[in-house]
Amino acid sequence: MSNPNPAAGSKQVALTGSIDERTNFQTLIGETGKSLVLDLSAITRVNSSGIRSWKQYFDGLNKAGVDLLFTKASPPIVEQIAIFKNFLCGGRLDSMFVPFLCTKCDKNSEVLFTVEQLKQINFQIKEIKCKFCAGKAEFDDDPDLYFNFLKG
Ligand SMILES: [Zn+2]
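Draft legend 1. Highlighting the overall build of the protein. Across its full length, the protein carries 6 helices and 8 strands. What you see in the protein, going N to C, is helices and strands ordered as β-α-β-α-β-α-β-β-β-α-β-β-α-α. In terms of overall size, the protein behaves like a compact globule, its C-alpha atoms giving a radius of gyration of 17 Å where 152 residues would be expected to give roughly 15 Å. With the principal axes as the frame, the protein shows a C-alpha extent of 45 × 35 × 30 Å. Within the span of the protein, comprising 152 residues, buried residues form 20% of the whole.

Draft legend 2. Molecular detail of the sheet that holds strand β2 (residues 35–46). Strand order in the open sheet made by the 4 strands is β1-β2-β3-β4, with parallel pairing throughout. Whereas interior strands pair on both sides, the edge strands pair on one side only; in this sheet they are β1 (11–19) and β4 (92–93). Note that strand β3 (residues 67–71) and β4 share 2 bridges and pair parallel. Residue pairing for β4: Leu-69 is matched across the bridge by Arg-92. Strands β2 and β4 of the sheet are contacted by helix α3 (residues 75–83), whose axis makes an angle of about 105° with β2.

Scoring rules and cut-offs
- By convention here, each chain's residues receive numbers from 1 onward along its written sequence.
- In keeping with the predicted nature of the model, local features appear solely for residues at pLDDT of at least 70, side-chain atom pairs appear and are counted solely at 80 or more, and the whole-chain, interface and lining totals rest on all residues.
- Only runs of H or I of at least four residues qualify as helices and only runs of E of at least two qualify as strands under DSSP, and these elements are numbered from the N terminus.
- As defined in this context, the radius of gyration uses C-alpha atoms, and a globule is described by 2.2 Å times the residue total to the power 0.38.
- Exposed residues have 12 or fewer other C-beta atoms within 10 Å of their own C-beta, buried residues have 20 or more, and residues in between are partly exposed; the C-beta atoms are placed from the backbone.
- Paired strands are those between which DSSP finds at least two bridges.
- Placing C-beta atoms from the backbone, we regard two residues as in contact once those atoms come within 7 Å.
- The axes are straight lines fitted to the C-alpha atoms, using for helices just the contacting stretch, and the angles between their N-to-C directions are given from 0 to 180°.

Okay, here's the thing in structure tokens:
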């Protein structure tokens, strides 16, 4: 059991692996307090049962007045946020990973952007140097879909 600093206030939890029918948010997160920060960087997969329990759990927290901040969203979770209206259940997202695919060696890599940075570049993701072969890596998703929820 951690000893939360009342001045800092927020409880921080990292969600990892697959979000599916076995995911029990209540057990994973426990007591939330008034404000909750969720690190989504290690979520690898989300299926339809996972989406249902996510919505049910975080909608409940939102209704109970818990302040939700989602951070470092991995591509599998960004895809859900992009598709499902109000997937963040009234919470905010401050940063997310952007997927790249190398045109030379075909390897995937991910780069973390803050939402602020993405807005500043108007969601125009430039190619990067592949970290494996130094070849050209390009944004590897549908830009209209991937960033749409941030543009509203
Ligand atoms: Zn490469």
